[in-house]
Amino acid sequence: MNRGRGGNRGGGGGGGGGGRYVPRGRSSQSADRHSPVILLYPLTIPVGAHSNESSPGSGSGSSRSGTRNSEVAAVDNVTKKFSDMSSSDYPQGPNSEPRGVKTASPNDGNGRRVQNIAPGSDNDFPSLSTESAQTIDCSFMNCKLPKEVESGKSSSDGTNGKSGFDNSDSQQKGCSFDICEQRDRNVVKLKTSLLAKNKAARNEMKRRTEGDNNIQIPRPGMILLKYYLSVTDQVKLIKACRDLGRGCGGFYQPGYNDGAKLQLKMMCLGKNWDPETSMYGDKRPIDEAKPPPIPVELQHLVKEAIRDCHSHLESHSKVKNPRDILPSMSPNICIINFYAKTGKLGLHQDKDESQESLRKGLPVVSFSIGDSAEFLFGDQRDIDKAEKVVLESGDVLIFGGKSRHIFHGVSNIIPDTAPKALLEETDFRPGRLNLTFREY
């Protein structure tokens, strides 16, 4: 029955309406004496006290006296029950613990309240057996995470212990790097205006339709496809790499036995490449994790880029077979590196694939996403003699054939050069994501 609304139900001896709300502090004398009064604060009635107010609907003094006697009897009955509880369940007074219940100190380190239900005690939870002592962990009421969850929380280096991932050895060793920043719901970010987005989309479309002007050949067997990956493709790549990077076999900090660390985060697909031994394997030594396979969508992007290179070579060179300059390949290995703002990679050669792959000059296909990078390459391991090209977000660099064994590296990351539309869609961290595909 809703006491705050009128209805067809009678209240006391009054007749048609329900009870009326009487604000706290206002005399009840001004209210209808035949309407029940709703009290918004506890009312304490001393034991044995008599009320001077007539009960609603009273018709005579005798009925009022009978009502008062009933009230006193009810209060006395409650008092008697409380006294019985004090002498039985609370043998040392009402502030002591009841039988069969042990309450941990509220000042304990974990802030937990644990109840041990002893055998034979009353049990209001049928699902808990009283045949043996049971323990109820109420720590969740204090809003504290278990230690195993706290150990997987995000840290300053980007490790993330999202509940959807297993607490594997790789995560305990810091091998769960998130290439995207966690959104703070309390911080409001201003998004790019629709006008700016449309302008950026038009510029992207213009660059992509320039065709041959976006294809550069720095040297035989080396082709640079400028702005090849659309922002949509880059968003999909970031999301795919993020999902893979936070799982088993995801991003980790590679290093050497002498303690030296590479200035990047790395993850392998297909096969693991160990920088210490310069060898490929089915598992990585740091945590025995098996590298995930290369997603089919990524394989299609690689093959499509190589086909576009062949089409360009056929129409702009005198060679009959462009595959003699840039062989085709089916990628089964991918090394994904994330460079922070200070990330670098020294000059090196990619020569750890199979002898057959190296002999055929099967190309390395590199995708660049995020901030731009200064890419060095040359025939010698000499920075002063190396050539430099800037790789921007969306660029695809392919080197194979006669350029398969060039020395190459990253000398610098150019900060704040990633497309704004890409950052808004993904919350991508400041830095550069690089995917290099090969065929073992």
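What comes next concerns the included structure. (Residues numbered from 1 in each chain as written. Predicted model: local features only at pLDDT ≥ 70, side-chain atom pairs only at ≥ 80, totals over all residues. Heavy atoms only, no water.)

**Notes on the packing of aromatic side chains**
Phase 1 of the analysis: What the rule picks out here adds up to six aromatic pairs.
Phase 2 of the analysis: Plain terms: the ring middles of Phe177 and Phe338 are 5.4 Å apart, the flat faces sit at 45° to each other, and that makes the pair tilted. In this pair, Phe177 sits in the loop between α3 (169–172) and α4 (194–209) while Phe338 sits in strand β8 (residues 333–339), placing the two residues 161 residues apart along the sequence. Neither Phe177 nor Phe338 differs from the other in exposure class; each is buried.
Phase 3 of the analysis: Each ring, one from Phe338 and one from Phe428, has its centre 5.7 Å from the other, and the planes form 80°; the classification is edge-to-face. One end of the pair, Phe338, is in strand β8; the other, Phe428, is in the loop between α8 (420–426) and β15 (432–438), with 90 residues separating them in the sequence.
Phase 4 of the analysis: For Phe428, a relative accessible area of 4% translates into the label buried.
Phase 5 of the analysis: Through a chain of ring-to-ring contacts, three or more aromatic side chains come together here, namely Phe177, Phe251, Phe338 and Phe428. (Phe/Tyr/Trp six-rings, centres within 6.5 Å; stacked < 30°, edge-to-face > 60°. Helix = DSSP H or I, 4+ residues; strand = E, 2+ residues; numbered from the N terminus. Buried < 20%, exposed > 50% of the residue type's maximum accessible area, 1.4 Å probe, protein only.)

**A short note on the pattern of salt bridges**
Phase 1 of the analysis: Overall, the coordinates contain 13 salt bridges when judged by the stated rule.
Phase 2 of the analysis: The partner of Arg246 in a salt bridge is Asp178, and the shortest N-O contact between them spans 3.8 Å. One end of the pair, Arg246, is in the loop between α5 (231–245) and β5 (265–269); the other, Asp178, is in the loop between α3 and α4, with 68 residues separating them in the sequence.
Phase 3 of the analysis: Judged by relative accessible area, which is 6%, Arg246 ranks as buried.
Phase 4 of the analysis: Judged by relative accessible area, which is 1%, Asp178 ranks as buried.
Phase 5 of the analysis: Across the pair Asp350 and Arg438 runs a salt bridge, and its minimum N-O distance is 3.3 Å. Of this pair, Asp350 sits in the loop between β9 (345–348) and α7 (355–360) while Arg438 sits in strand β15; the two residues are 88 residues apart in sequence, bridging distant segments of the chain. (Salt bridge = Lys/Arg side-chain N within 4 Å of Asp/Glu carboxyl O.)

**So, the sheet that holds β9**
Phase 1 of the analysis: Pairing in this open sheet of four strands is antiparallel, and the strands run β9-β14-β11-β12 from one edge to the other. The sheet terminates laterally at β9 and β12 (387–391), the two strands that pair on one side only. With direction set aside, neighbouring strand axes in the sheet form an average angle of 25°.
Phase 2 of the analysis: Summarising the sheet, β9 and strand β14 (residues 407–414) pair through two bridges and their orientation is antiparallel. Its bridge partner being in β14, Leu345 is matched across the sheet by Val410. (Pairing = 2+ DSSP bridges. Axes fitted to C-alpha atoms, helices over the stretch in contact; angles between N-to-C directions.)

**Concerning the side chain of Gln234**
Phase 1 of the analysis: Locating Gln234 in the fold gives a position in helix α5.
Phase 2 of the analysis: Contacts of Gln234, omitting those with residues within four sequence positions, involve Leu229, Ile369, Ser393, Gly394 and Leu422. (Contact = heavy atoms within 4.5 Å.)

**Section: the nonpolar core**
Phase 1 of the analysis: In terms of nonpolar packing, the biggest core is built from 38 residues, with Ile179, Phe367, Leu433, Leu435 and Phe437 touching the most fellow members.
Phase 2 of the analysis: Considering each element in turn, this core owes the most residues, seven residues, to helix α6 (residues 296–316).
Phase 3 of the analysis: When sequence neighbours within four positions are dropped, the list of residues in contact with Leu435 reads Cys241, Leu298, Cys334, Ile335, Ile336, Val365, Ser366, Phe367 and Ile369. (Core = buried A, V, L, I, M, F, W, Y, C linked by side-chain atoms within 4.5 Å.)

**Digging into unusual backbone geometry**
Phase 1 of the analysis: Positive phi outside glycine occurs at Ser278, with the angle close to 55°.
Phase 2 of the analysis: Position of Ser278 relative to the elements: it lies in the loop between β6 (272–274) and β7 (279–281).
Phase 3 of the analysis: With a relative accessible area of 33%, Ser278 lands in the partly exposed category.
Phase 4 of the analysis: Of note in the backbone geometry, Glu288 takes a positive phi value of approximately 60° without being a glycine.
Phase 5 of the analysis: Relative to the elements of secondary structure, Glu288 occurs in the loop between β7 and α6.

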